[in-house]
Amino acid sequence: MPTGRYLLHDPYDHRPLGEEHFQCAPGPTGWRYVSRLLTPEGDHRGSVDVTLDDLGRPLRVELRAGGWQVRGAALEGVTWVRTDPTGEHATEGNVPAHAFTGTSPAFLVATARLLRPGLAGAPVRVRLVAFTDPVLSPLTVDRTWALTGSETHTTDSGPLVVDEYRITDLDTGEQHTVHLAGDVVLAAPGVELDDLRSPPSAFRDDDR
């Protein structure tokens, strides 16, 4: 069960955004990731709880930030409820999208997991609902993912396969590169893996 810490920063001006302390693991029905978010000063600022099924679809997503909470799942596309602490301003949403995304590295693993069977050839287009900081506002985005390479590295705990993905935002044309090892993000814009206390987990059917 990987446990560790990501340092988060603005990918454009490199301003520190805080830390994300996480643990994650594959299970009998999919994969789960939980984390708590801290400000650069060390204060609590939110949490992430993501559960996927065996095909990478979101069974349950629960996010907390900025006094808001989002709960969502794959249902007739994706469906969610966003609410304030009192529940007075609760709103529901549904979009014909494939999954969710956001600033947490969990969503990079989740999207790669969802798309992996189709990434052997041309880039794959995916529609996602992004929950943006600081108040988890929903935004529908269209992107393409392409698996551009894989390398195997020798480590003390055995071979480590690192996959490189190229992600393109179809609205802006912006591209960036992400490196994943199993269920851990090694490098991505705005994300630095600062501490990892156990090796990444490999999904049982990574070769599917």
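Residues numbered from 1 in each chain as written. Predicted model: local features only at pLDDT ≥ 70, side-chain atom pairs only at ≥ 80, totals over all residues. Heavy atoms only, no water.

Naming follows an unreviewed UniProt entry, where the chain appears as Glycolipid-binding domain-containing protein of Streptomyces chilikensis.

1. A closer look at the pairing of strand β4 (residues 44-53)
As a reminder of what qualifies: The cut-offs for exposure are 20% and 50% of the maximum accessible area for each residue type, with area from a 1.4 Å probe on protein chains only; residues under the lower value are buried, those over the upper are exposed, and the others partly exposed. Strands here are runs of E lasting at least two residues and helices are runs of H or I lasting at least four, both read from the DSSP assignment and numbered beginning at the N terminus. In this analysis, strands are considered paired if DSSP registers two or more bridges between them.
Burial of β4 is extensive: 7 of the 10 residues sit out of reach of the surface. The sheet contact formed by strand β3 (residues 30-38) and β4 spans 9 bridges and is antiparallel. Note that in β4 the partner of valine 34 across the bridge is aspartate 49. Counted between consecutive antiparallel strands, the loop separating β3 from β4 contains 5 residues, among which glycine 42 sits at a positive phi close to 95°. The turn linking β4 back onto strand β5 (residues 58-65) is made up of 4 residues, and glycine 56 within it adopts a positive phi angle of 90°.

2. Focus: the pattern of salt bridges
Going by this rule: The term salt bridge refers to a side-chain nitrogen of Lys or Arg lying within 4 Å of a carboxyl oxygen of Asp or Glu.
Summed over the entire model, instances satisfying the criterion amount to 12 salt bridges. The partner of arginine 32 in a salt bridge is aspartate 49, with the nearest N and O atoms 2.7 Å apart. Taken together, the residues arginine 32 in strand β3 and aspartate 49 in strand β4 connect sequence positions 17 residues apart. With relative accessibility at 41%, the residue arginine 32 sits in the partly exposed group.

3. Points about helix α1 (residues 106-115)
Within α1, 10 of the 10 residues are buried, leaving the element largely enclosed by the surrounding structure. Ala106, Phe107, Leu108, Val109, Ala110, Thr111, Ala112, Arg113, Leu114 and Leu115 are the residues of α1 that are buried.

4. Things to note about unusual backbone geometry
A cis amide bond links aspartate 133 to the next residue, proline 134, at an omega of 5°. With a phi angle near 65°, histidine 14 is a residue other than glycine that sits in the positive phi range. Phi at glutamate 76 takes a positive value of approximately 50°, unusual for a residue other than glycine.

5. Digging into the pairing of strand β6 (residues 68-74)
Pairing between β5 and β6: 5 bridges, direction antiparallel. Counterpart to arginine 64 in the pairing with β6 is glutamine 69. Count of turn residues in the β5/β6 antiparallel hairpin: 2 residues, of which glycine 66 carries a positive phi of about 60°. Of the pairings in the sheet, the one linking β6 to strand β7 (residues 78-83) comprises 6 bridges and is antiparallel in character. Bridge pairing links alanine 73 to threonine 79 in β7. The hairpin formed by β6 and β7 contains 3 residues between the paired strands, and glutamate 76 there has a positive phi angle of roughly 50°.

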